[in-house]
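Structural characterization, general
Chain by chain, the residues:
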Amino acid sequence: MGRDPPVVRWLRAASVPVALVVLVALAGVVLGRVYADPLLTRLMVGAAVGSVLVGVAARRLPSWLVAPLSVAALAGWTVLSLRLAAGHAAVPGGLGEVAADAARNAIPRLLTAMIPVEPAPDTVLVPVVAAWLAGLTAAEVALRAGRVLLGYLPPVLLYGGALYVVGPNAEPAVAPTVLFAAVAAAGLAVPGRRSDPAAADPVAGLAPAVRAAVRLRLVAATAAGLAVVVGLAALLAPVVAGQVDDRPVDPRRYVEPPRVESLDENPLIRISGWALNPDQRLLDVRTLAGAGDGGPPRIRLAVLSDYDGVTWRVGATYRNAGRVLPAAEPAPGAATETVRQEITVGDLTGRLLPAVPTPREVTGARVAYDPETGTVIRPEGLAPGLRYDVSSVRERPDPNLVTTANVPAGDAVARVLRVPDGAPEQLRRLATQLAEENGAPYSRADAIARFLAEHYRVTADAPSGHAYPNLTFFLFGPRNGGGQRGTSEQFAAAFAVLGRLAGLPTRVVVGFEPKADGPVRAADAYAWPEVLFEGVGWVPFDPMPRPDEEPRPVEEDFRPKPEDPPPSEVPAPTEEPSATPPAAASAPARPDRGPGTPVLVGGGVGGLVLLVGGVLAVLAAMRRRLSRSRLERGDPGRRVTGAWRELTDALRLAGRPVGTDLAAEEVAEQARATLAAARAARASGAPTADAAAGGVARSDGGVGELADLVNRAAFAPGSVDATQAERAAAVATGYVTALRAARSRWARLWWTVRPGPLRWRR
């Protein structure tokens, strides 16, 4: 029999390498469905072609040369891929810096990246390297060792891994999977070498009896193999068919996305600190396009949607994002404007990245994004001098639609309608009064904004706080006692809580309101509330008072009616006229001789002492009751928070109040320093102070543990157990005892009865 033509021989020789290239490249096609553009697929196809070609070229070389050649080729293709991806995603920095960062963070960023994933160095490195290694291993096993079926294993594993990474984030890959099976079958069906008669017939040349026995054995083996395949298919087919409609597992749920610190989770508490340092330069802004006629746009720092009665939180799940952020459809009828700004970070700290809402493209900084709130962070944190460009789409709702729009309800907006338990009755009554007087949703929101603007005053020195007690004091506290005044923190938080009590979905936004391009200072920091309307979207409201208007007393427009009138207001009974004539007036009698002056003076002094003593005893009892309530009542998380308040109240009693912009770890460090200084001051003159401290002489060592527990209670509700709550109470009690013992005798007495902790804002 003659030799096959050269073309046929070439096709037979190329069948397996081509099949391997296609199988590896199909993994890139499957994985590329969750990427923003086809760059990753192209890079994986290039890796498939390059790795198999290296294997084909090195097939006749010694096996020990294959690894160095392939590693060199892999390094070259990886560097080229990283350069292309960095240029495509506009990633700043040199190639070495980019490559090192991608090598450190490739896997977690790939599994926490937002869908669609932008091809960046850290999101293409692992797929490209995996494709190259799969192609090289498959070529070595299938071509050098001649085991084609075993050589299919690396592409199959790569393909399965791509399907797993995609998970439920794309449609089922039916067409690529069918093509994968067809190409694999074709590679097995086409022989890689020319078949001569001896090779085609394995029993040629044998004796007839032996030939019959061998053929019988081959037929039996083939039948047995076919029976095994059919049996496995019959057993596995129902299982596989039952999984067709199931949702694939998303591997992203096993990887923790980027997290933020407490100040980034609740930047609302930074408003009061910024108000006290109005000249602090936080940012520099230069508008490149879209300034518009309405003045400089507000710059948003964070959106806070969750409220638990104590604090507002962002509650975001950040996903690593590329330069282009997911775009949402604008509200019907809303006017849109593209705003592009260049922002340079000054003294602003944390991870939150300021941008005009809603950002669509960020260059110059790697970011993570929460699509639900629109909040952006830089996972590495902000640094002075960081410069980035951000392009945003600013929406301006149609006012004609807003005034007549309804508000949504149901599970989809339950998060922004939730009112935590424990809302004070005065808050509920005020919200009910404003809602009853204004029926439409917009009218209710506008009434709340006008009520706040007309009755309250803005002051820069108002302490931070927006828990229920803080808002109650802000709304109803006496003017001469510090009530009815606050920063934009209290105005925005009060509006949002009253709005939810009135049935409006609300949230709080923290950002800046610059006057013009240039420096953005702490005085420009601002918090404002927003209300969600159907068909319109989130609409901001301004509850701040006008600078030229004097606020009216709250009592003029809101006077809550008590359930039962107090005794002083009970009407006095009327007297009926009597028909009996009055008796004749008797002669004035001589007055009895009363007690002398010394008795009156002594009685007055004694009564005053008893009164003061009684007041002090009541104050001491109220203080003890407050401490027990904090440390012993409520769930473990609430008791940990109460222990933390005991510690911060102790620092304030010692003349070292805690700054509103400090993290828990910083407060713990301040507590240690305060106790050390107090002990040093008392060491020479009051040895009994250390003795009084007793077993708590080293109690400051647990302050750091208490800081960790209060962070867990605040940001991971339900994670603190009763044992940890008892430990927090012990640490706080020990610290307060030690700090009080380090003070003078009269200072300790004043410490016990000082009424400050009973009225300080919580």
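Check the entry above for the structure.
Numbering of residues starts from 1 in each chain and follows the order in which that chain's sequence is written. Note on the predicted model: pLDDT of at least 70 is required for a residue's local features to be given, and 80 or more for side-chain atom pairs to be given and counted; whole-chain, interface and lining totals, by contrast, use all residues. Each side-chain value is worked out from all heavy atoms of the structure, with water and hydrogens disregarded.

A few words on the side chain of Glu-140. When you line up the elements, Glu-140 lands in helix H5 (residues 121–144). Think of it in three bands: residues with accessible area under 20% of the maximum for their type are buried, residues over 50% are exposed, and the middle band is partly exposed, with areas taken using a 1.4 Å probe on protein chains only. Judged by relative accessible area, Glu-140 falls into the buried class, the value being 17%. Residue contacts follow a heavy-atom distance rule, with two residues in contact if any of their heavy atoms lie within 4.5 Å. Ignoring anything within four residues of it in the chain, the contact list for Glu-140 reads Gly-55, Val-66 and Ala-145. Only DSSP runs of H or I covering at least 4 residues are called helices, and only runs of E covering at least 2 are called strands; the numbering of each starts at the N terminus.

A pair of strands is labelled paired if DSSP reports no fewer than 2 bridges between them. One open sheet holds the four strands; their spatial order is S2-S13-S15-S16, and the pairing between them is antiparallel. Edge strands, defined here as strands with exactly one partner in the open sheet, are strand S2 (299–304) and strand S16 (537–540). Put simply, the sheet's adjacent strands are angled 35° from each other on average, direction ignored. The sheet contact formed by strand S15 (residues 525–533) and S16 spans four bridges and is antiparallel. In the strand pairing of S16, Leu-532 is matched with Trp-538. In this analysis, axes come from line fits to C-alpha atoms, helices being fitted only over the stretch in contact, and the angle between any two N-to-C directions falls in the range 0 to 180 degrees. Taken strand by strand, helix H17 (residues 488–501) contacts strand S13 (506–512) and S15, and its axis lies near 15° from that of S15.

Taken as a class, soluble globular proteins show a tendency for nonpolar side chains to be buried jointly. Of all hydrophobic cores here, the largest spans 85 residues; its most connected members are Leu-475 and Phe-512. In terms of residue count, H17 provides more of this core than any other element does, eight residues in total. Residues in contact with Leu-475, not counting those within four places in the same chain, are Leu-427, Leu-430, Leu-452, Tyr-456, Gln-484, Ala-494, Leu-498 and Val-554. Residues grouped as a nonpolar core are buried Ala, Val, Leu, Ile, Met, Phe, Trp, Tyr and Cys residues, joined through side-chain atoms within 4.5 Å. With 46 residues, the next largest nonpolar core counts Val-34, Leu-111, Ala-142 and Ala-173 among its residues.

Now for the sheet that holds strand S7 (residues 359–363). Across a sheet, paired strands are connected by hydrogen bonds in the backbone, their directions being either parallel or antiparallel. Taken together, five strands build an open sheet; the order of strands is S7-S10-S6-S1-S14 and the sheet is antiparallel. With partners counted over all chains shown, the strands left at the sheet margins are S7 and strand S14 (518–521), one partner each. Here the strands of the sheet are splayed against their neighbours by 30° on average, with no regard to which way each runs. Relative to strand S10 (residues 387–396), strand S6 (residues 335–345) runs antiparallel, the two being bridged by ten bridges. What sits directly across from Glu-342, in S10, is Asp-389.

Every helix has an expected span of 1.5 Å times one less than the residues it contains. Between its first and last C-alpha atoms helix H15 (residues 441–455) spans 22 Å; for 15 residues at 1.5 Å apiece the expected length is 21 Å, and the two agree. Looking only at H15, the buried set comprises Pro-441, Arg-444, Ala-445, Ala-447, Ile-448, Ala-449, Phe-451, Leu-452, Ala-453 and His-455. Residues of H15 that are buried make contact with helix H14 (425–437), helix H16 (468–476), H17 and S15.

To continue, consider the pairing of strand S1 (residues 281–289). In terms of strand pairing, S1 meets S14 through four bridges, oriented antiparallel. Within the sheet, the bridge partner assigned to Leu-283 lies in S14 and is Val-520. Two elements, S1 and S6, share six bridges in a ladder whose sense is antiparallel. Along S6, the bridge assignment pairs Thr-287 with Gln-341.

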